[in-house]
Amino acid sequence: QVQLVESGGGLVRAGTSLRLSCVASGRSFSGNPMAWFRQAPGKEREFVAYVAWTDSVTDYADSVKGRFTIERDGAKNTLYLQMNSLKPEDTGVYFCAGTSRWSASRTVQAYEYWGQGTQVTVSS
C-alpha cells in the first residue's frame, strides 16, 4: 500500500519560512514525478511545484517562484518544500502527490497518489 505522509506545517508570521516534508512508503518515487499542491478554504486545489522524473527539472507556480524550492531525497524517499518569505495568501492545506507516470504535470488529475495534507497558516 502506497502512503504519502506530509509534515512541517504550522502557524507562522508573514516573511518567515517553513519546510514541509513528505515521506513516501510502499513504493519508490525515484524516477517518477512528484508535486506539491495547496488548497485554500473555498478554493480549488492548485499546483505549487513539481520535480520531474529527473531531479534537475522542476517547475513552479508563478505565485511562488523565487520563494519556494522543491527538493527530493531519493535515498529517504522524501519530498521537501522549502517555503521562504511566506505571505498570507500562501495559507492553505498543502498536499504531496506522486505519480507512476513518466511525465510531470501541473494538473491534479495527473497524480494518483496523495497525502492527507498539512495545514499552513500565515498571519499578516
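The rules behind the values
Residues numbered from 1 in each chain as written. Predicted model: local features only at pLDDT ≥ 70, side-chain atom pairs only at ≥ 80, totals over all residues. Heavy atoms only, no water. Helix = DSSP H or I, 4+ residues; strand = E, 2+ residues; numbered from the N terminus. Buried < 20%, exposed > 50% of the residue type's maximum accessible area, 1.4 Å probe, protein only. Contact = heavy atoms within 4.5 Å. Areas by Shrake-Rupley, 256 points an atom, 1.4 Å probe, with all protein chains shown as cover. Lys, Arg positive; Asp, Glu negative; His and termini not counted. Charge placed at Lys NZ, Arg CZ, Asp CG, Glu CD. Core = buried A, V, L, I, M, F, W, Y, C linked by side-chain atoms within 4.5 Å. Phe/Tyr/Trp six-rings, centres within 6.5 Å; stacked < 30°, edge-to-face > 60°. Lys NZ or Arg CZ within 6 Å of the ring centre and 35° of its normal. Disulfide = S-S within 2.5 Å.

Enquirer: Where do I start with the overall build of the protein chain in this structure?
Expert: In terms of helices and strands, the protein chain carries zero helices and 11 strands. Overall, the protein chain shows an N-to-C arrangement of helices and strands of β-β-β-β-β-β-β-β-β-β-β. Overall size of the protein chain, expressed as C-alpha extent along the three principal axes, is 40 × 30 × 25 Å. Out of the 124 residues belonging to the protein chain, those deemed buried represent 44%. A sequence separation of at least 24 residues applies to 59% of the contacts in the protein chain between residues at least 6 apart. A total of about 6,200 Å² of accessible surface is found on the protein chain, and carbon and sulfur atoms cover 49% of it. Averaging the positions of the 13 positive and the 11 negative side-chain charges in the protein chain gives two centres separated by 2 Å.

Enquirer: Any chance you could explain the nonpolar core here in plain terms?
Expert: The nonpolar side chains of a soluble globular protein tend to be buried, and buried together. The biggest cluster of nonpolar side chains holds 33 residues, and the ones touching the most others in it are W36, L81, M83 and Y94. Every element with two or more residues in this core is listed here: β3 (18-25), β4 (34-39), β5 (46-51), β7 (68-73), β8 (78-83), β9 (92-98) and β11 (118-123). Counting residues per element, this core draws most heavily on β5, which supplies five residues. Apart from residues lying up to four places away in sequence, M83 is in contact with T16, S17, L18, L20, R67, F68, Y94 and V120.

Enquirer: Would you mind showing me how to read the packing of aromatic side chains here?
Expert: One pair of aromatic rings is described through two measures. These are the centre distance and the angle between the planes. A full pass over the atoms with the stated rule returns eight aromatic pairs. Summarising the aromatic geometry, the rings of F37 and W114 are spaced 5.1 Å apart at their centres and angled 55 degrees between planes, so their arrangement reads as tilted. Here F37 is found in strand β4, whereas its partner W114 is found in strand β10 (residues 113-114), with 77 residues between them in sequence. The exposure class assigned to F37 is buried, which follows from its relative accessible area of 0%. In this structure W114 comes out as partly exposed when scored by relative accessible area, which is 25%. With centroids separated by 6.5 Å and ring planes inclined at 75 degrees, the aromatic side chains of F95 and W114 adopt a geometry described as edge-to-face. You can see F95 sitting in strand β9 and its partner W114 sitting in strand β10, a full 19 residues away along the chain. Exposure remark for F95: the relative accessible area of 8% places this residue in the buried category. Feature note: the residues F37, F47, Y50, F95, Y111 and W114 constitute an aromatic cluster, connected by ring pairs. We note R45 situated over the ring of W114; from NZ or CZ to the ring centre the distance is 4.9 Å.

Enquirer: In this structure, what is going on with the state of the cysteines? I would like to understand it.
Expert: Two cysteines joined by a covalent bond between their sulfur atoms form a disulfide. Applying the stated criterion across every chain yields a total of one disulfide. Put simply, C22 and C96 are joined by a disulfide, and their sulfur atoms are 2.1 Å apart. Linking C22 and C96, the disulfide has an S-S dihedral of approximately -70 degrees and is accordingly described as left-handed. Taken together, the residues span a long stretch of sequence, with C22 in strand β3 and C96 in strand β9 at a distance of 74 residues. Assessed through its relative accessible area of 0%, C96 is described here as buried.

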